[in-house]
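# Structural description and commentary
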Amino acid sequence: MSPPVKSRRRYDSSRRQAAARARRAAVLEAARGLFVRRGFGGTTVGAVAEEAGVSPETVYKVFGGKTGLVEALYREALRGEGPVPAYERSDHLRTRPDPREVVRGWARLAMEVAPRASAVQLLVRDAALVDPQLRGVLDEMDDARHRRMTENAEYLHAAGHLRPGVTVEWAADVMWAVTAPETYELLVLRRGWSLERFADHVDNTVSGLLRSEASPD
């Protein structure tokens, strides 16, 4: 007996969705490679489409153009590696009682996310010199990252982990700066630091904000 029409439609829908995800991934991978090789200005939607094996119309429909591609690449980079997004793993670290273990975990996540996320931010920073629209995108990236660091700083403050005199604003600014794409660029890309050493730097810097073990509650 033939399967019900409803089941067939679900099957067809699943196939279409899988194909759409595959096309999206191919477009992003093509855009990532072209942006690295040619820069933002030297990359066209047509070139991305050709590299990904899709039509330019598909790229425009899904991403809206080059700016949308950059934003999508950045969101993907922030997920990190593995099935659980890095920001969810970051939130889960706050459940641990030892603040140094929390900070160490954050530093490991920074090491995981920084190579791709910083690459996108640095691309946008350089392109924003001649493209006002990307200036706004860069500001949004910076603001979102600072809001995230403020949430982390508020957690440390509320839990009593910050050393006396360290405010939420101070802690947020330090975490925002030490994980900035410019810091990654200077230390890893220009000075040749390993990612492990970069993570240790993040860990040591943020740990300096914490109350020492001997400090009274």
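Here the structure is a predicted model, which means the values were calculated and not measured.

### Notes on the pattern of salt bridges
Pairs can form between side chains of opposite charge whenever their charged atoms are close. One pass over the full model with this rule turns up 14 salt bridges. For the salt bridge of Arg37 with Glu51, the shortest nitrogen-to-oxygen distance reads 3.8 Å. Here Arg37, found in helix 1 (residues 5-38), pairs with Glu51, found in helix 2 (residues 45-52); they are 14 residues apart in sequence, far enough to count as distant. Taking the relative accessible area as the measure of exposure, Arg37 reaches 55% and is therefore exposed. A salt bridge links Asp91 to Arg94; the shortest N-O distance between them is 3.5 Å. Judged by its relative accessible area of 34%, Asp91 is partly exposed.

### Things to note about helix 10 (residues 195-207)
Here helix 10 is 13 residues long and its end C-alpha atoms lie 18 Å apart, about the 18 Å a rise of 1.5 Å per residue gives. Within helix 10, the full set of buried residues consists of Phe198, Ala199, Val202, Asp203, Val206 and Ser207. Projected down its long axis, helix 10 carries its buried residues within an arc of 165°, all on one side.

### Topic: the packing of helix 7 (residues 132-158) against helix 8 (residues 168-178)
For the pair helix 7 and helix 8, the least separation of the axes is 8 Å and the interaxial angle reads 130°. Accordingly, the angle class assigned to the pair helix 7 and helix 8 is oblique. Note that helix 7 runs across helix 8; the crossing there is right-handed. Here helix 7 contributes Asp142, Arg145, His146, Met149, Thr150, Asn152, Ala153, Glu154, Leu156 and His157 to the contact with helix 8, which in turn contributes Val168, Ala171, Ala172, Asp173, Met175 and Trp176. The class makeup of the residues in the contact of helix 7 with helix 8 is eight nonpolar, four polar and four charged.

### A look at the packing of aromatic side chains
The tally for this structure, following the rule as stated, stands at three aromatic pairs. Taken together, a centroid distance of 6.2 Å and an interplanar angle of 75° make the contact between Trp106 and Tyr155 edge-to-face. Of the two residues, Trp106 sits in helix 6 (residues 99-127) while Tyr155 sits in helix 7, which places them 49 residues apart along the sequence. No difference in accessibility class separates Trp106 from Tyr155, as the two residues are buried. With centroids separated by 5.7 Å and ring planes inclined at 85°, the aromatic side chains of Tyr184 and Phe198 adopt a geometry described as edge-to-face. Of this pair, Tyr184 sits in helix 9 (residues 181-190) while Phe198 is found in helix 10, placing the two residues 14 residues apart along the sequence. Between Lys66 and the ring centre of Phe40, over which it is positioned, the NZ or CZ distance is 4.3 Å.

Procedures and definitions
Residues numbered from 1 in each chain as written. Predicted model: local features only at pLDDT ≥ 70, side-chain atom pairs only at ≥ 80, totals over all residues. Heavy atoms only, no water. Salt bridge = Lys/Arg side-chain N within 4 Å of Asp/Glu carboxyl O. Helix = DSSP H or I, 4+ residues; strand = E, 2+ residues; numbered from the N terminus. Buried < 20%, exposed > 50% of the residue type's maximum accessible area, 1.4 Å probe, protein only. Expected span 1.5 Å × (residues − 1). Arc of directions from axis to C-beta. Axes fitted to C-alpha atoms, helices over the stretch in contact; angles between N-to-C directions. Parallel < 35°, antiparallel > 145°, perpendicular 65-115°, else oblique. Left-handed = near helix turned anticlockwise from the far one by under 90°. Contact = heavy atoms within 4.5 Å. Nonpolar A, V, L, I, M, F, W, Y, C, P; charged D, E, K, R; others polar. Phe/Tyr/Trp six-rings, centres within 6.5 Å; stacked < 30°, edge-to-face > 60°. Lys NZ or Arg CZ within 6 Å of the ring centre and 35° of its normal.

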